[in-house]
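Take a look at the letters that make up each chain.
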Amino acid sequence: MRTAVCSGSFDPVTKGHIDIIKRSAGLVDKLIVAVFINPNKQPLFTIEERVALLAEATRDIPNVEVDSFSGLLNEYVRSRGARLIIRGLRAFSDFEYEFQRALLIKSIDPEIETAFFMTRGEYSYLSSSGVRELARFGGKVTHLVPPCVEQALAAKMNRLQKETEE
Ligand code: ADP
């Protein structure tokens, strides 16, 4: 069985991510979408929230499983019986970071491969950080994220707003 792991922060998942997930899931038997638990970042959504949103947004793709992991990506990939990492590429700005990451992983674990999917033109400007910023200032995100994420963002912003008023 050919299994691949699509890793990321997904804070939150966007339509750009979903596009990469759908296209790569079509080429493997099983795609594990794995949310990285990064101790150095203060995310907007908790790990549990990000996993739940991904599960909801990918529920119509039968061979996708959503999980989370911490530690080294290559070790997680191996623990799931996979050897292939899927990442998305937007503009040139992604290239250097992704290039370094892929080579670093290769240097510690030569059997693990990283494959890149080029974004669709309409999502080339789309990032989780851009979505978070738009939502924070009340901008429309309907065209950028799955409906469940739009709702979750509105609820989160409402709660944060109430907390700052208290
Ligand atoms: P990370 O913090 O690991 O970069 P992200 O959640 O930001 O995690 O992204 C996960 C993967 O999805 C990365 O490979 C990133 O380049 C890719 N990605 C993010 N947004 C898009 C998009 N709009 N189109 C294609 N790929 C994307």
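Attention in this report is confined to the structure presented alongside it. (Residues numbered from 1 in each chain as written. Predicted model: local features only at pLDDT ≥ 70, side-chain atom pairs only at ≥ 80, totals over all residues. Heavy atoms only, no water.)

Description of the site of the ligand
Operational definition: Note on definitions. A residue lies near a molecule or strand when any single heavy atom of the residue is within 4 Å of it. Throughout, the Shrake-Rupley method with a 1.4 Å probe supplies accessible areas, and for residues the shown protein chains are the sole cover considered. Both site types are read off a 1 Å grid over the protein atoms alone. A 1.4 Å probe that fits but cannot get out defines a cavity, while an open set with protein on both sides within 12 Å along at least five of seven lines defines a pocket; lining residues have an atom within 4 Å of a point. Each molecule is checked against the cavity or pocket grid, and it sits inside if more than half of its atoms lie within 2 Å of the grid points. In DSSP terms, a helix is any run of H or I states spanning at least four residues, a strand is any run of E spanning at least two, and both are numbered starting from the N terminus. Three classes are used, and their members are as follows: Ala, Val, Leu, Ile, Met, Phe, Trp, Tyr, Cys and Pro are nonpolar, Asp, Glu, Lys and Arg are charged, and the others, Gly among them, are polar.
For the ligand, the set of nearby residues contains 16 residues, the closest of which are S9, F10, G88, T119 and Y123. Burial of the ligand by the protein amounts to 90% of the accessible area it has alone, namely 560 Å². The site holding the ligand turns out to be the largest pocket. Of all the elements in the fold, those that place two or more residues in the shell around the ligand are strand 1 (3–8), helix 1 (15–25), strand 4 (84–89) and helix 4 (92–108). Per element, the largest residue contribution to the shell around the ligand is 3 residues, and it comes from helix 1. Across the shell around the ligand, the residue classes break down as 4 nonpolar, 7 polar and 5 charged.

Regarding the sheet that holds strand 5 (residues 113–118)
We count it as follows: When DSSP locates at least two bridges between a pair of strands, those strands are taken to pair. Note on geometry: axes are C-alpha line fits, over the in-contact stretch for helices, and angles between N-to-C directions span 0 to 180 degrees. Working rule for contacts: check all heavy atoms of both residues, and any pair within 4.5 Å makes them a contact.
Pairing is parallel in the open sheet, where 5 strands are placed in the order 3-2-1-4-5. The open sheet is flanked by strand 3 (64–69) and strand 5, the only strands paired with a single partner. Averaged over all neighbouring strand pairs, the angle between strand axes comes to 30°, with direction disregarded. Bridge count for strand 1 against strand 2 (residues 30–36) is 6 bridges, and the pairing is parallel. Within the sheet, the bridge partner assigned to T3 lies in strand 2 and is K30. Relative to strand 2, helix 2 (residues 47–57) is tilted by about 155°, and along the sheet it contacts strand 2 and strand 3. Relative to strand 4, helix 4 is tilted by about 170°, and along the sheet it contacts strand 1, strand 4 and strand 5.

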